[in-house]
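Inside the fold
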Amino acid sequence: MSDEPTRGFAASESSRRRPVHPVPGTGLRGPGLPGRRRVPLLLTLAGFAVLAYVLDQLTKWWVSSTMTDGQITPVLPQLLSWHYIRNSGAAFSIGENVTWLFTIVMAVVAIGIVVQARKLGSVWWSVAMGMLLGGALGNLTDRLFREPSFGMGHVVDFIALPNFAIFNIADSSVVGSVILICILTLKGIPFGGRAAPAQPAEEGPAAAGTEGKDV
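On a predicted model such as this, the values are computed, not experimentally measured, just so you know.

1. Let's talk about the pairing of strand E3 (residues 155–160)
Within a regular strand, side chains alternate between the sheet's two faces. Burial analysis of E3 places six of its six residues in the buried class, which makes it a mostly covered element. As judged from the five bridges shared by strand E2 (residues 80–87) and E3, these two strands associate in the antiparallel manner. Bridge pairing links Ser81 to Ala160 in E3.

The following block contains the structure:
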């Protein structure tokens, strides 16, 4: 009895078990994705987080250094202005008496993103998580280190639009991340990346040799 059918079967099984590599630029991955391939995703998350955080803190420093509390500076009349306020609550001044609660929530969000980052498998999810992390850390910094006290600090807001809440760059980053998360969810792209279709078994001489032969 020839052992060629056995070798052909083994080759076919080996090809089916071969790890599926990510499709470049799509965020798709397979079960064989090694840890080193997540490095670009983690760098993307970190890059967007740092960008959002630095822009937020720089603009807040500029506003608090050049404007007085309550000052309004028109930028685009009837459309956009800088309105410097210090907000102890959330958007539309919600929860002004529970500032500590927002501090805890933002700290939990930041820690959760860092913990879950190792499961990332999609570029766009990395962007969304980076924006969310940068925005949360931006406002958390205000809560921790601005007046009146540690953990109870008032957030600097200054971007004013007609008939809308006054907000900052951190708020914009958070809202942008939420919109992106909604889009990714509607498109069916999971946090860990979508598995690419299984690769078909390779047909080689050994596999071809199994046809027409009895085991």
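2. So, the packing of aromatic side chains
Inspection of every chain in the model, using the stated rule, returns five aromatic pairs. Look at Phe145 and Phe150: their rings are 6.1 Å apart centre to centre, the planes differ by 65°, and that puts the pair in the edge-to-face class. By the burial criterion, Phe145 is exposed, and Phe150 matches it. Seen in terms of ring centroids, Phe164 and Phe167 are 6.0 Å apart; in terms of plane orientation they differ by 85°. Their pairing is edge-to-face. Phe167 sits in the buried class, given a relative accessible area of 15%.

3. What about the environment of Ala160?
Summarising the element assignment, Ala160 is placed in strand E3. On the basis of relative accessible area, Ala160 is assigned to the buried category, the value being 10%. For the pair Ala160 and Thr73, spaced 87 residues apart in sequence, the C-alpha separation works out to 9.7 Å. Contact partners of Ala160, with chain neighbours within four places excluded, come to Leu79, Leu80, Ser81, His83 and Ile166.

4. Observations concerning helix H5 (residues 169–186)
Between its terminal C-alpha atoms H5 stretches 26 Å, which fits the 26 Å expected from 18 residues at 1.5 Å a residue. Those residues of H5 not exposed but buried are Ala170, Ser173, Ser177, Leu180 and Leu184. The arc that holds every buried residue of H5, seen down its axis, measures 90°, which confines them to one face. Among the exposed residues of H5, those oriented more than 90 degrees off its buried face are Thr185 and Leu186. Buried residues along H5 sit in contact with helix H2 (39–66) and helix H4 (123–145). The backbone nitrogen of Ala170 has a side-chain oxygen 3.0 Å away, supplied by the residue at the start of H5, namely Asn168. Note on H5: the residue one or two positions beyond its end, Gly188, has a positive phi of about 75°.

5. Notes on the sheet that holds E2
Spatial ordering of the open sheet is given by E1-E2-E3, a layout of three strands whose pairing is antiparallel. One side of each edge strand has no neighbouring strand; the edge strands of this open sheet are strand E1 (72–76) and E3. Within this sheet the neighbouring strands show an average axis-to-axis angle of 25°, counted without direction.

Basis of the calculations
- Residues numbered from 1 in each chain as written.
- Predicted model: local features only at pLDDT ≥ 70, side-chain atom pairs only at ≥ 80, totals over all residues.
- Heavy atoms only, no water.
- Buried < 20%, exposed > 50% of the residue type's maximum accessible area, 1.4 Å probe, protein only.
- Helix = DSSP H or I, 4+ residues; strand = E, 2+ residues; numbered from the N terminus.
- Pairing = 2+ DSSP bridges.
- Phe/Tyr/Trp six-rings, centres within 6.5 Å; stacked < 30°, edge-to-face > 60°.
- Contact = heavy atoms within 4.5 Å.
- Expected span 1.5 Å × (residues − 1).
- Arc of directions from axis to C-beta.
- Polar contact = N/O pair within 3.5 Å; in protein donor to acceptor, adjacent residues only side chain to side chain.
- Axes fitted to C-alpha atoms, helices over the stretch in contact; angles between N-to-C directions.

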